[in-house]
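Coordinate inspection notes
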Amino acid sequence: MNGYACLLQSGTRREREIPPEEITITLAGNHYPRTLIAFLKKQYQVRITKPYPGIYYIEGLLFPVQILVQKELDQQENLWLGRLRQDLSREKDVEVLARAYKGKEKDPLYSAAMDLIVRANWKVYEEGERMCDALNELFAEKLQNKLEEGKAEGKTLAILELLEEIGPVDDSLKRRILSERDQAVLSCWLKAAAKAESMDDFERRVAHKENAAV
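Described in the following lines is the structure provided in the data block.

Analysis parameters
- Residues numbered from 1 in each chain as written.
- Predicted model: local features only at pLDDT ≥ 70, side-chain atom pairs only at ≥ 80, totals over all residues.
- Heavy atoms only, no water.
- Helix = DSSP H or I, 4+ residues; strand = E, 2+ residues; numbered from the N terminus.
- Expected span 1.5 Å × (residues − 1).
- Buried < 20%, exposed > 50% of the residue type's maximum accessible area, 1.4 Å probe, protein only.
- Arc of directions from axis to C-beta.
- Polar contact = N/O pair within 3.5 Å; in protein donor to acceptor, adjacent residues only side chain to side chain.
- Core = buried A, V, L, I, M, F, W, Y, C linked by side-chain atoms within 4.5 Å.

**Quick word on helix α4 (residues 108–120)**
Spanning 13 residues, α4 covers 18 Å between terminal C-alpha atoms, matching the ideal 18 Å at 1.5 Å per step. Burial in α4 covers these residues: M114, I117 and V118. Relative to the axis of α4, the buried residues are bounded by an arc of 100° and lie together on one face. With respect to the buried face of α4, the exposed residues turned more than 90 degrees away are P108, L109 and L116. The opening residue of α4, the one whose side-chain oxygen lies 2.9 Å from the backbone nitrogen of L109, is D107.

**Quick notes on the nonpolar core**
Residues I159, L163, V169, L173, I177, W189 and F202 are the most contacted members of the largest nonpolar core, which totals 15 residues. Of all elements in the fold, only α6 (133–166), α7 (171–179), α8 (183–195) and α9 (199–213) reach the threshold of two or more residues within this core. Grouped together as the second largest cluster of nonpolar side chains are twelve residues, I37, V46, I58 and V69 included.

As structure tokens, this is what we get:
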């Protein structure tokens, strides 16, 4: 994590454009990391402070570090931070977030936080038949996107499996296939991979279909 923070600081146009003291590393979890804290105190003589419930500051390392212990956070004051975890309940957490998120769907910060929470708790969100109408409406787009992603991923893996039976797939072609998300394009490629007798044959079939489409 220190390495990522250093990359953030160094990847700027001029030296110290982002001072180290303005970068904070945040660790989030359900439990207080006693083993980690004990190690840091012994190895680096760090100082630990607790300015707020569930929020701990670590001083004495390369970058400032804060630890968020979600179960200790005030769930009302830290509505979003307190729910950046993988064990959300539908009634106590999901519905609360849904109400708070309503009207903020276009805000990139709220959208990014919600996307992270949804991905970590997909099984909860996936139970659409158990959700109220408001939740179904709110997460309909995310549910649909997830389904589309799953279909696309399945097709890309099927294409690669078929091609690998013919011969080795070069990295550029593999990246091209894995990055494609258009269902119609993937369907054409899948048919081409199923009929192709060689890599050159596959690429000719793909090119022919693309030219025909144009």
